[in-house]
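Examining the three-dimensional arrangement
The lines below spell out each chain.
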Amino acid sequence: MHFHILTLAAILSLTTALPTTTGDDTHCAPGTTFYHCKTNNFRGCCTIDPCALPSCPSQTAPSILPTPPTCPGTVQIYQPKTQTHLSGSGSTISTPNFNLTKSPTREWTQTITFSVPKSATECALRWSVPAKRTFQAGDNAVVHVSQGHPATGREIGTADFTNWPGVDGPHKHSVAKVDCMPEMVFGLRLAAESEIFLAQDGQTGWFVEYSC
Ligand SMILES: *[C@@H]1O[C@H](CO)[C@@H](O)[C@H](O)[C@H]1NC(C)=O
């Protein structure tokens, strides 16, 4: 910095004896023209005639700024695509509801699939119920949660539903923080013999929460 100031001072002292151009604002950059307007007192270089305008329009700032995507901060996505895998028959059926059973004779496991935007960060798998819900759970209603199919996915957490149907009022539960991906698939299966049923809707059941 000091070097530049000294250099400038030296040039000024050399040029003082010459017909000076220092401070001459009539020398304009290519593409611009010098204007001196009586109407708005504008004096300077401009690409267009600014005399009928309040001033010379800014040469650099775009006239329309791109609108950043509006994002409310934290978003919850309920109602995943929910599929039930039936042991024995090996068939898979679609259902809106969280519905698991495990007994000596049969087992229903489920896959839930969420779609989140590419911009999503800080994804978490959670479940919640409002005050009014259709919710039943047996004893030992502990659910193994995997990323991927319930039979083959990597376990990322457990969720214990035992006794929660009897807790009045709304409640929310966190199960696992997960890597955000445009399509997120989770497997659900009971750890022991039990059963769970929860009717899912826009504010009930499994949801993914993310920030953006
Ligand atoms: C739970 O899922 C099983 C198997 O798909 C189905 O037979 C049963 O009716 C479901 N329960 C309820 C309450 O919807």
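Heads up: the structure comes first, above all this text.
Values in this document were obtained by computation on a predicted structure and should not be read as measured data. (Residues numbered from 1 in each chain as written. Predicted model: local features only at pLDDT ≥ 70, side-chain atom pairs only at ≥ 80, totals over all residues. Heavy atoms only, no water.)

Remarks on the nonpolar core
Convention followed: Only buried Ala, Val, Leu, Ile, Met, Phe, Trp, Tyr and Cys residues count toward a nonpolar core, and they belong to the same one when joined by side-chain atoms within 4.5 Å. Buried means the residue's accessible area, taken with a 1.4 Å probe over protein chains only, is under 20% of the maximum for its type, while exposed means over 50%, and partly exposed covers the values in between.
Counting 30 residues, the largest nonpolar core has Phe 98, Val 143, Phe 161 and Trp 206 as its most contacted members. If you look at the next biggest cluster of nonpolar residues, it comprises five residues, including Tyr 35, Cys 37, Cys 46 and Cys 56.

Here's the deal with the site of the ligand
The criterion, for reference: For each residue, the test is whether any non-hydrogen atom lies within 4 Å of the molecule or strand; if one does, the residue is near. We define a polar contact as two N or O atoms separated by no more than 3.5 Å, with the added condition that, inside protein, one atom must be a possible hydrogen donor and the other a possible acceptor, whereas residues neighbouring each other in sequence contribute only through side-chain atom pairs. Here the nonpolar group is Ala, Val, Leu, Ile, Met, Phe, Trp, Tyr, Cys and Pro; Asp, Glu, Lys and Arg are the charged ones; every other residue, Gly included, is treated as polar.
The immediate surroundings of the ligand are formed by Leu 86, Ile 93, Asn 99, Trp 108 and Phe 197. At 2.2 Å from an oxygen atom of the ligand is found a side-chain nitrogen or oxygen belonging to Asn 99. Residue classes in the shell around the ligand are distributed as four nonpolar, one polar and no charged.

As for unusual backbone geometry
How we decide: Only DSSP runs of H or I reaching four residues or more are called helices, and only runs of E reaching two or more are called strands; each is numbered from the N terminus.
The residue Gln 79 is not glycine, and still its phi comes out positive at about 55°. For Gln 79, the position within the fold is in the loop between strand 3 (74-77) and strand 4 (81-86). Unlike most non-glycine residues, Asn 163 shows phi in positive territory, near 70°. With respect to the secondary-structure elements, Asn 163 resides in the loop between strand 11 (154-160) and strand 12 (171-178).

A closer look at the environment of Ala 159
What counts, and what does not: Between two residues, a contact is recorded if the distance between any of their heavy atoms is within 4.5 Å.
Turning to its location among the elements, Ala 159 is positioned in strand 11. Between the alpha carbons of Ala 159 and Leu 190 there is a distance of 9.5 Å; along the sequence they are 31 residues apart. Not counting residues up to four positions away in its chain, the partners in contact with Ala 159 are Trp 127, Ala 141, Val 142, Val 143, Val 175 and Trp 206.

Here we look at the packing of aromatic side chains
Basically, it comes down to this: Classification of ring pairs rests on two measures: the distance between centres of Phe, Tyr or Trp rings, Trp counted by its six-membered ring, which must be within 6.5 Å, and the angle between planes, read as stacked under 30 degrees, edge-to-face over 60 and tilted in between.
With the rule as written, the count across this model stands at eight aromatic pairs. Geometrically, the ring pair formed by Phe 98 and Phe 161 is tilted, given 5.1 Å between the ring centres and 55° between the ring planes. You can see Phe 98 sitting in strand 6 (residues 98-102) and its partner Phe 161 sitting in the loop between strand 11 and strand 12, a full 63 residues away along the chain. You can call Phe 98 buried: its relative accessible area is 1%. Where Phe 114 meets Phe 186, the ring centres are 6.1 Å apart and the plane angle is 65°; that geometry is what we call edge-to-face. In this pair, Phe 114 is assigned in strand 7 (residues 107-115) and Phe 186 in strand 13 (residues 183-190), connecting sequence segments 72 residues apart. Phe 186 sits in the buried class, given a relative accessible area of 0%. Grouping aromatic residues by their ring pairs yields a cluster made of Phe 98, Trp 127, Phe 135, Phe 161 and Trp 206.

Overview of the side chain of Thr 95
Its location among the elements puts Thr 95 in the loop between strand 5 (92-94) and strand 6. Taking relative accessible area as the criterion, Thr 95 reaches 18% and is therefore assigned buried. Of note is the side chain of Thr 95, whose polar atom sits 3.1 Å from the backbone nitrogen of Asn 97. Those residues in contact with Thr 95 that sit more than four places away from it in its chain are Thr 82, Thr 84 and Gln 110.

What about the state of the cysteines?
Cysteine pairs can be linked by a disulfide, which is a covalent bond between their two sulfur atoms. Spelled out, the test is: Disulfide assignment relies on a single distance test, namely cysteine sulfur atoms paired within 2.5 Å.
Applying the stated criterion across every chain, the model contains four disulfides. Paired through a disulfide, Cys 28 and Cys 45 show a sulfur-sulfur distance of 2.1 Å. Across the S-S bond linking Cys 28 and Cys 45, the dihedral sits near -85°, which makes this disulfide left-handed. With Cys 28 in the loop between helix 1 (2-15) and strand 1 (33-36) and Cys 45 in strand 2 (residues 43-46), this pair connects stretches of sequence that are 17 residues apart. Since its relative accessible area comes to 30%, Cys 45 is described here as partly exposed. Here Cys 46 connects covalently by a disulfide to Cys 56, the sulfurs 2.0 Å from one another. One quick way to see it: the torsion about the S-S bond of Cys 46 and Cys 56 is about 90°, and its sign makes the bridge right-handed. You can see Cys 46 sitting in strand 2 and its partner Cys 56 sitting in the loop between strand 2 and strand 3, a full 10 residues away along the chain. Assessed through its relative accessible area of 16%, Cys 56 is described here as buried.

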